[in-house]
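Observations on chain architecture
Each chain is listed here by its residues.
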Amino acid sequence: MHSVRTFTTLIAALLLTGPAVAADLANGKALHDSACKTCHQSDYYTRKNRKIHSIAELNKQVARCQQGAGEHWNAAQIEDVAAYLNATYYKFK
Ligand code: HEC
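Let me begin by describing the structure that accompanies this report. All values reported here derive from a predicted model rather than from experimental measurement.

Attention now goes to the overall build of the protein. The secondary structure content of the protein amounts to four helices and zero strands. Secondary structure of the protein in N-to-C order comes out as α-α-α-α. Every one of the 93 residues in the protein was classed for burial, and the buried ones make up 18%. Once local pairs closer than 6 in sequence are excluded, the contacts in the protein between residues at least 24 apart make up 76%.

Written as structure tokens, this is what we have:
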């Protein structure tokens, strides 16, 4: 019984935290640093007239740019990088 309860608690925790919290920021940073620094540096994300104004736009831009960078990231990888950029620079809620 004990392990069943632990398992149930684990599932509940996963359901409660949701995708934004589940994103792997360290993986996002690693992917970003290996693929994204050729065209623009980090200060590009904090400049005054930046174009991205929501987490949804950020996800789309990361999806676009990773293609431009010649990568073939899956949705989870794109989300990790978007979450890393959000946590580090954009700070959207
Ligand atoms: C081939 C060059 C190139 C590479 C490589 C590249 N980008 Fe971009 N990135 C651009 C250009 C150009 C823009 C401006 C987009 C526009 O004006 O439509 C941009 C804009 C952005 C923005 C929006 C900045 C803002 O707030 O205004 C983000 C976020 C971004 N890139 C993320 C990434 C990520 C993540 C990667 C790595 C997958 C990456 N970029 C790799 C060319 C590149």
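It is worth spelling out the site of the ligand at this point. Close to the ligand lie 21 residues; Cys36, Cys39, Arg50, Cys65 and Ala69 are nearest. Those elements that place two or more of their residues in the shell around the ligand are helix 2 (25-35), helix 3 (55-68) and helix 4 (75-90). The element best represented in the shell around the ligand is helix 3, accounting for six residues. For the shell around the ligand, the residue count by class is 12 nonpolar, six polar and three charged.

Conventions used here
- Residues numbered from 1 in each chain as written.
- Predicted model: local features only at pLDDT ≥ 70, side-chain atom pairs only at ≥ 80, totals over all residues.
- Helix = DSSP H or I, 4+ residues; strand = E, 2+ residues; numbered from the N terminus.
- Buried ≥ 20, exposed ≤ 12 C-beta atoms within 10 Å, placed from the backbone.
- Contact = placed C-beta atoms within 7 Å.
- Near = placed C-beta within 6 Å.
- Nonpolar A, V, L, I, M, F, W, Y, C, P; charged D, E, K, R; others polar.

Geometric values such as these leave the question of function open.
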